[in-house]
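Chain by chain, the residues:
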Amino acid sequence: MDPSHGPASHHNETGNAVERTDSRSTWAQFLSWLECVCVVTFDLELGQAIELVYPHDAKLTEKEKTSICYLSFPDSYSGCLGDTQFSFRFRQSIGRVSPDVGEDAYDRDAPVTLQRDLGHFYGYVYFRQVKDVSVKRGYFQKSLVLVSRLPYVHLFHTLLQIIAPEYFEKLEPCLEAVCNEIDQWPSPVPGLTLNLPVMGTVLQVRIPSKTDKPGGSPAKHAPKEHLLPAPTLLPTIHELDLFKCFQSALIHLQVLWELTLLGEPLVVMAPSPTMSSEIVLALVSSIAPLKYCSDYRPYFTIHDSEFREYTTRTQAPPNVILGVTNPFFIKTFQSWPHIVRLGDPRMAGDLPKQVKVKKLAKLKTLDTKPGIYTAYKTFLQKDKILIKRLLKGIQRKRPSEVQSAILRRHLLELTQSFIIPLERYMASLMPLQRSVTPWKTPPQIRPFSQEEFMATLEHAGPHLTSMLKGDWMGLYRRFFRSPNFDGWYRLRRREMTQKLESLHLEAVCDADLVGWTKDKSEVEVVDLVLKLREKLTKAHRQQLSVREGAVDQLEGCVQTIAAALPEDLQNVLHRHRP
């Protein structure tokens, strides 16, 4: 019998890993939401510098601090006076100890697009620049930055709107009080509605779960408790105003969706970090529930640690989406295949002026007009009915949130029409449940065959759920070469492998293991106990989903079998307990 297969994997934590000190264990609740809060200021001698990090013992490497400094201020070309909010994303330092993926219940239950980012941090910025004669440069310039692994863009920017203006007036004591309040929040648990008190306000939010129906109406919030003050209900923690983001490119949505789906190298040039970051995040979210698996930077500057890596001319542009505001980037990115250049939204009559698709050759070094500069031809035709509906909505002054809901539903249905045939084919690769027996290793998942998949499209293709005409097969062939397909396939295969492991574990639990040992040698029985223990360890580590009581039942069975062995062998097994 071989109820287990393959040794357990172990996380290799390098010696130079960035460890958290014991003192941070007191910040457990805070850390489930944020890594830290930073204040970045402009120093006449040092330039941009971190003035304050809270909690004080937050472990940021020098490289991470430098990234936060440079990404927390708009560049001088943006001319941002007053208050500005935007987002950025930067790579974590090599060697940093990430949370243990295998034991993170949040990631197990959250939608794949909202899982914690284990390789990057998000920065959510509230920047203030106002005239101040008491300062040498004549301006007060400061940013309050929330650093997190969670992509809760709407929640964190709402939080900043509450705390930043107050902080700029009252400074550090105010920030310390806010961090202590956040440390009293319950952890984000997918599927739960939470009340989050901060500075006299209570934000009520629902954390999305992977079991939510995509595109379903927002789940009802918890029954009203008698809270004082009455909570402010946030309809979403992560969604953007898609209509506002795409209003000047509505007629080219199909181009933008396909470029994002295929993970093509794409630069978004905008007049402000607010616009660049919102559009990059909107593009990434446009293919939900599919996860965008390449790198993306909502706001990217020449000081970014990956600047050289991403702008080298010696190799093809990488599969990333970059949001930039510095016009000199046009020269840097001249070799890139797709550039979206946006200006401040302008109206043409009562409709937003729409950008045009232009040839890359028309990309001028400095005076580049707004447009989508690309030679890309879409595989699918644009949805003219959607465009007419949205433009009519503008004329009728339909609220932006309603327009966004129409747009989001269209993008969701388009992505689902594309992905459902892949999901259906992937499910057919799963071995039949009756082939899972306790006396053999779990059967293998059949390999993915592109040609076999293509053959299924005639009878079970996207035409069953989408009215859009075009070369769907060509789009699939191009998708197979993209990082998004690779990420999707790896995730699905891992989920299917875990499902097989769960089925096998349940089959082992149901088997008469004690009866099997009756006529077996002591060596075979010891081997069985060791393999069963390894299987149980794996089940705990991977948090395999099995029926209630199955693992306890198997653990009891293992103890019974071990207790029937001679004492000397029991001692050996005791010494080898995992």
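Right above here is the structure, for reference.
Note that the structure is a prediction, hence the values are computed from the model and not measured.

Procedures and definitions
Residues numbered from 1 in each chain as written. Predicted model: local features only at pLDDT ≥ 70, side-chain atom pairs only at ≥ 80, totals over all residues. Heavy atoms only, no water. Helix = DSSP H or I, 4+ residues; strand = E, 2+ residues; numbered from the N terminus. Buried < 20%, exposed > 50% of the residue type's maximum accessible area, 1.4 Å probe, protein only. Contact = heavy atoms within 4.5 Å. Areas by Shrake-Rupley, 256 points an atom, 1.4 Å probe, with all protein chains shown as cover. Phe/Tyr/Trp six-rings, centres within 6.5 Å; stacked < 30°, edge-to-face > 60°. Lys NZ or Arg CZ within 6 Å of the ring centre and 35° of its normal. Salt bridge = Lys/Arg side-chain N within 4 Å of Asp/Glu carboxyl O. Polar contact = N/O pair within 3.5 Å; in protein donor to acceptor, adjacent residues only side chain to side chain. Pairing = 2+ DSSP bridges. Axes fitted to C-alpha atoms, helices over the stretch in contact; angles between N-to-C directions.

Turning our attention to the overall build of the protein. For the protein, the count of helices and strands is 19 helices and 16 strands. Taking all 578 residues of the protein together, the buried fraction comes to 49%. Restricting to contacts in the protein with at least 6 residues of sequence separation, those with at least 24 account for 74%. As presented, the protein carries roughly 28,800 Å² of accessible surface, and 53% of it is formed by carbon and sulfur atoms.

Now for the packing of aromatic side chains. Per the stated rule, a full pass over the model turns up 37 aromatic pairs. Summarising the aromatic geometry, the rings of Phe86 and Tyr299 are spaced 5.3 Å apart at their centres and angled 75° between planes, so their arrangement reads as edge-to-face. Linking Phe86 in strand E3 (residues 82-91) with Tyr299 in the loop between strand E10 (295-297) and helix H9 (307-311), this pair joins segments that are 213 residues apart in sequence. Note on accessibility: Phe86 and Tyr299 belong to one class, buried. When the ring of Phe300 is compared with that of Phe329, the centres are 6.2 Å apart and the planes differ by 40°; the resulting orientation is tilted. Of this pair, Phe300 sits in the loop between E10 and H9 while Phe329 sits in helix H10 (residues 329-332); the two residues are 29 residues apart in sequence, bridging distant segments of the chain. Accessibility assignment for this pair places Phe300 and Phe329 in one class, buried. Here the basic side chain of Arg89 rests over the ring of Tyr296, its NZ or CZ set 4.0 Å away from the ring centre. The ring centre of Tyr106 lies 4.8 Å from the NZ or CZ of Arg116, which sits over that ring.

Under the criterion given, the structure shown has 26 salt bridges. Between Glu306 and Arg91 there is a salt bridge; the shortest N-O distance is 3.6 Å. With Glu306 in the loop between E10 and H9 and Arg91 in strand E3, this pair connects stretches of sequence that are 215 residues apart. Accessibility expressed as a relative area gives 32% for Arg91, which makes it partly exposed. With its nearest N and O atoms 3.4 Å apart, the salt bridge here joins Lys531 to Asp527. Remark: Asp527 and Lys531 occur in helix H17 (residues 522-542); sequence separation between them is four residues, near one turn of the helix. What makes Lys531 partly exposed here is its relative accessible area of 21%. By sharing partners, the salt bridges in this structure join Arg89, Arg91, Asp117, Asp295, Arg297, Asp304, Glu306 and Glu309 into a single network.

This part covers the side chain of Arg149. Positionally, Arg149 belongs in the loop between strand E5 (139-148) and helix H4 (153-170). Within the local environment of Arg149, its side chain forms a polar contact with the side chain of Glu35, the two groups lying 3.1 Å apart.

Another point: the sheet that holds strand E8 (residues 232-233). Spatially, the three strands line up as an open sheet ordered E6-E7-E8, and their pairing is mixed. Each end of this open sheet is capped by a strand with a single partner; those strands are strand E6 (193-198) and E8. Across two bridges, the pairing between strand E7 (residues 201-206) and E8 is parallel. Residue pairing in the sheet places Leu203 in a bridge with Thr232 of E8.

Okay, the environment of Phe453 next. Along the chain, Phe453 turns up in helix H13 (residues 450-460). Separated by 23 residues in the primary sequence, Phe453 and Tyr476 have C-alpha atoms spaced 9.8 Å apart. The residues contacting Phe453, other than those within four sequence positions of it, are Pro421, Leu422, Tyr425, Phe448, Tyr476 and Phe480.

Attention now goes to the sheet that holds strand E9 (residues 266-269). Pairing is mixed in the open sheet, where six strands are placed in the order E10-E11-E9-E12-E16-E15. Edge positions in the open sheet fall to E10 and strand E15 (357-358), since each of these has one partner strand only. Direction of pairing for strand E12 (residues 338-341) relative to strand E16 (residues 371-374): antiparallel, over a ladder of four bridges. Residue pairing across strands places His338 opposite Thr374, the latter belonging to E16. Helix-sheet contacts for helix H8 (residues 273-285) involve E9, E10 and strand E11 (320-324), and the interaxial angle to E11 is about 160°.

Remember, this is a structural readout, not a statement about activity or role.
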